[in-house]
Amino acid sequence: MRHGQHNEVIQDVQNALSIPGLPSGAYRALANLLQCLETHREHIDYKRSKELDLPIGSGMVESACKWLIQQHFKGDPHVAGATPSNR
């Protein structure tokens, strides 16, 4: 999908839903996946996001989470619920 093929991926999932004899569990999983992809179609247009110079990775979010966790365990009073780790 990073190369602008999100619509093709969605179409492939739609096609897979019509496979004869598809087990019900697989059908439910594919249907959930299709719903998610269609709901977030705009967000998974990575080629367009890159053209607009928007971040497409989760690195920034992961880094922020890591920092918050570290501050929490260090007892930083600016982080909600933080307590010193030596208690």
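That block above? That's the structure.
**Q** Teacher, can you tell me more about the overall build of the chain here?
**A** Along the chain, the regular secondary structure elements total 4 helices and 0 strands. In the chain, which comprises 87 residues, the proportion classed as buried is 16%. For the chain, long-range pairs separated by at least 24 residues make up 37% of all intrachain contacts whose partners lie at least 6 apart in sequence. Taken as a whole, the chain presents about 6900 Å² of accessible surface, with 56% of it coming from carbon and sulfur.

**Q** What is the right way to read the pattern of salt bridges from this model?
**A** Charged atoms that come close allow side chains of opposite charge to pair. A full pass over the atoms with the stated rule returns 1 salt bridge. Salt-bridge contacts for Arg-48 lead to Glu-51; the nearest nitrogen and oxygen are separated by 3.7 Å. Of this pair, Arg-48 and Glu-51 both sit in helix H3 (residues 46–51), 3 residues apart, roughly one helical turn. Accessibility expressed as a relative area gives 43% for Arg-48, which makes it partly exposed.

**Q** Would you mind going over helix H1 (residues 6–16) with me for this structure?
**A** Because each turn of an α-helix spans 3.6 residues, side chains separated by three or four positions in sequence point in the same direction. Buried within H1 are the following residues: His-6, Ile-10, Val-13 and Ala-16. One side of H1 carries all its buried residues, which in axial view fall inside an arc of 120°. Along its buried surface, H1 packs onto helix H2 (24–39).

Cut-offs used in this document
- Residues numbered from 1 in each chain as written.
- Predicted model: local features only at pLDDT ≥ 70, side-chain atom pairs only at ≥ 80, totals over all residues.
- Heavy atoms only, no water.
- Helix = DSSP H or I, 4+ residues; strand = E, 2+ residues; numbered from the N terminus.
- Buried < 20%, exposed > 50% of the residue type's maximum accessible area, 1.4 Å probe, protein only.
- Contact = heavy atoms within 4.5 Å.
- Areas by Shrake-Rupley, 256 points an atom, 1.4 Å probe, with all protein chains shown as cover.
- Salt bridge = Lys/Arg side-chain N within 4 Å of Asp/Glu carboxyl O.
- Arc of directions from axis to C-beta.

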